[in-house]
Amino acid sequence: MTTTTDVARAAIPREPGIDHTLALLKEGYRFIGERCQAYGSDVFETRLMMSRVFCVSGEDAARMFYVPDRFTRRGALPPNALTLLQDYGSAIMLDGPAHRHRKRLFMSLMQRQSIERMTRLATEQWRARMDAWEGMKQVVLHDEVEGILCRAACAWAGIELGAGEARERTIEFSAMIDGAGSVGARNARGQMLRAQTERWARGLVEGVRDGSLDAAQDSALAVIARHQDENGKALPLNVAAVELINLLRPTVAVARYITFAALALHQNPQYRDGLAGGDDDKLQCFAQEVRRFYPFFPMVGGRALQPFEWRGHLFLPGDWVLLDLYGTNHDPALWPKPNAFKPERFEHWDGNPYTLIPQGGGEHDSGHRCAGEFLTIALIKSLARELAAMRYVVPRQNMWIDLGRLPALPASRFIMSNVQPAY
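Below is a summary of the structure that appears in this document. Throughout, a residue's number is its position along its own chain's written sequence, starting from 1. Note on the predicted model: pLDDT of at least 70 is required for a residue's local features to be given, and 80 or more for side-chain atom pairs to be given and counted; whole-chain, interface and lining totals, by contrast, use all residues. Values reported for side chains reflect all heavy atoms of the structure, with hydrogen atoms and water molecules removed beforehand.

Time to look at the packing of aromatic side chains. Between 30 and 60 degrees the pair is tilted, below 30 it is stacked and above 60 it is edge-to-face, where a pair is any two Phe, Tyr or Trp rings, Trp via its six-membered ring, whose centres lie within 6.5 Å. One pass over the full model with this rule turns up 19 aromatic pairs. Measuring from ring centre to ring centre gives 4.8 Å for Phe-293 and Tyr-294, while their planes differ by 85°; the resulting arrangement is edge-to-face. Using a 1.4 Å probe on the protein chains alone, a residue whose accessible area is under 20% of its type maximum counts as buried, one over 50% counts as exposed, and one in between counts as partly exposed. Given a relative accessible area of 19%, Phe-293 falls into the buried group. When the ring of Phe-308 is compared with that of Phe-315, the centres are 5.0 Å apart and the planes differ by 5°; the resulting orientation is stacked. Exposure class is identical for Phe-308 and Phe-315. Each is buried. An aromatic cluster is built from Phe-54, Phe-65, Tyr-66, Phe-71, Phe-308 and Phe-315, whose rings are joined through pairwise contacts. By definition, being over a ring means that NZ of Lys or CZ of Arg is both within 6 Å of the ring centre and within 35 degrees of the ring normal. The cationic tip of Arg-70 hangs over the ring face of Phe-308; the distance from NZ or CZ to the ring centre is 4.1 Å.

Okay, structure coming up:
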């Protein structure tokens, strides 16, 4: 007997084969988009880690995926990636009122004055490194910016770091970010170093709670340490430590966007003067195009919490769905000439939260869209202006971006020499 569910699912293109996990690891950011193009569909069914999964891409897919309370992130991400990106007990693992309550904690830390303070600290750290860069034979920009953002983010959060500790924390955050999309040695290194970071973060939270560590009342460290859940209970020590890391580590990850911004300026020098002059509209368009064009998160997953229909297909509770972030940002139906770097495409952009989704889609307050998105944009604008105003030489190097590597970066991490400030 054929049921309605059988008919609905039969209409979804299904990739033949037992399992395609190795293909995902090899193809990375291209995995979903190329298959959607081949099937002529914005949804197809495949198997990953021996489990059925529905892969979706495009604006309509993002609208479907970000309906509040339709999906849970629990069980939607491999544990070895989850523990490096967010971890158990974090806001992303919560649903419904509990998630919205915790999300308000992070949104409260992303107010305009707070973002301005973080960008100011990052710019100060950048300029403080200029003296060292002038005397260096070559500067590996990505590595330098990770250190800059780690020091600035910790200061912003109310955490004092000595020089040695700053290097240690930078190495740990960098390993978590770099290992999150991999299996094997990179992931294992990230897991090992994360354990050190968690001990450090637990010590900070515990110090605030018992009064042995003096932290300003409005600092992120103090706000997280004293946060109460929706039932009025303090967060468990390990959960508070996880959320502190979840504020700092993503800020350090913005170094990837700054590296891509440098590559964009090198390959598209016509935008340099406008950015160096501090034109806010041009900086905004440039930052948005960096986020759209270059690879950041490849996809995001969810498990259906309730039955729903989309495209005439019936999805059932527990169904695993992967939304293609990179492919949606390169969808030619949304972005004419998507493989061309064109900041001017954002001059009249309507701000649609389902078309530009490098850090997730939908609404910030009611869904899982990244709370730090506006901070990310502000940091790209601020440090892109610094880059555009600097003088430096870009020596021959391998700038190839391997889209099969998660997360991706230019192979050289962008090398500069003969660096000189313009101020």
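The helix count covers DSSP runs of H or I at least four residues long, the strand count covers runs of E at least two residues long, and both are numbered beginning at the N terminus. Locating Asp-229 in the fold gives a position in the loop between helix H11 (220-225) and helix H12 (237-267). Buried charge Asp-229 goes without a salt bridge, the closest partner of opposite sign being Lys-233 at 6.4 Å. Lys and Arg are tallied as positive, Asp and Glu as negative. Neither His nor the chain termini are counted. Here, a salt bridge means any side-chain nitrogen of Lys or Arg that lies within 4 Å of a carboxyl oxygen of Asp or Glu.

Let us now look at helix H6 (residues 96-108). To estimate the expected span of a helix, subtract one from its residue number and multiply by 1.5 Å. Along its 13 residues, H6 runs 19 Å from first to last C-alpha, staying within 8% of the 18 Å computed at 1.5 Å per residue. Residues of H6 that are buried: Gly-96, Ala-98, His-99, His-101, Arg-102, Lys-103, Leu-105, Phe-106 and Met-107. Contacts are residue-level and defined by heavy atoms, with any inter-residue pair within 4.5 Å sufficient. Its buried side turned inward, H6 meets H11 and H12.

Now for the pattern of salt bridges. Using the criterion set out here, one finds 30 salt bridges in the structure. Arg-256 is paired through a salt bridge with Asp-178; the nearest N and O atoms lie 3.2 Å apart. With a gap of 78 residues between them, Arg-256 in helix H12 and Asp-178 in helix H9 (residues 163-179) connect regions that are remote in the sequence. When sorted by exposure, Arg-256 lands in the same class as Asp-178, which is buried.

For helices, the fitted axis covers only the stretch in contact; all axes are lines through C-alpha atoms, and the angles between them, taken along N-to-C directions, range from 0 to 180 degrees. Two numbers describe how H9 lies on H12: the axes approach to 9 Å, and their chain directions differ by 75°. Classified by the angle between their axes, H9 and H12 sit roughly perpendicular to one another. Residues Phe-173, Met-176, Ile-177 and Asp-178 of H9 form the contact with H12, whose own contacting residues are Ile-245, Leu-248, Arg-249, Val-252, Ala-253 and Arg-256. Taken together, the residues that form the contact of H9 with H12 break down as seven nonpolar, no polar and three charged. Note that the term roughly parallel is reserved for angles under 35 degrees, roughly antiparallel for angles over 145, roughly perpendicular for angles of 65 to 115, and oblique for everything else. For this scheme, ten residues count as nonpolar: Ala, Val, Leu, Ile, Met, Phe, Trp, Tyr, Cys and Pro. Four count as charged, namely Asp, Glu, Lys and Arg, and the remainder, Gly too, count as polar.

Right, let's talk about the packing of helix H14 (residues 280-293) against helix H16 (residues 373-389) for a bit. Remark: H14 packs on H16, axes separated minimally by 9 Å, with the N-to-C direction vectors making an angle of 115°. With respect to the hand of their crossing, H14 and H16 are arranged in right-handed fashion. Contacts from Asp-280, Leu-283, Gln-284, Phe-286, Ala-287, Gln-288 and Arg-291 in H14 reach Glu-373, Thr-376, Ile-377, Ile-380, Lys-381, Ala-384 and Arg-385 in H16. Here the contact of H14 with H16 is built from residues that sort into six nonpolar, three polar and five charged. By convention, the crossing between two helices is left-handed when the near helix turns anticlockwise from the far helix through less than a right angle, and right-handed when the turn is clockwise.

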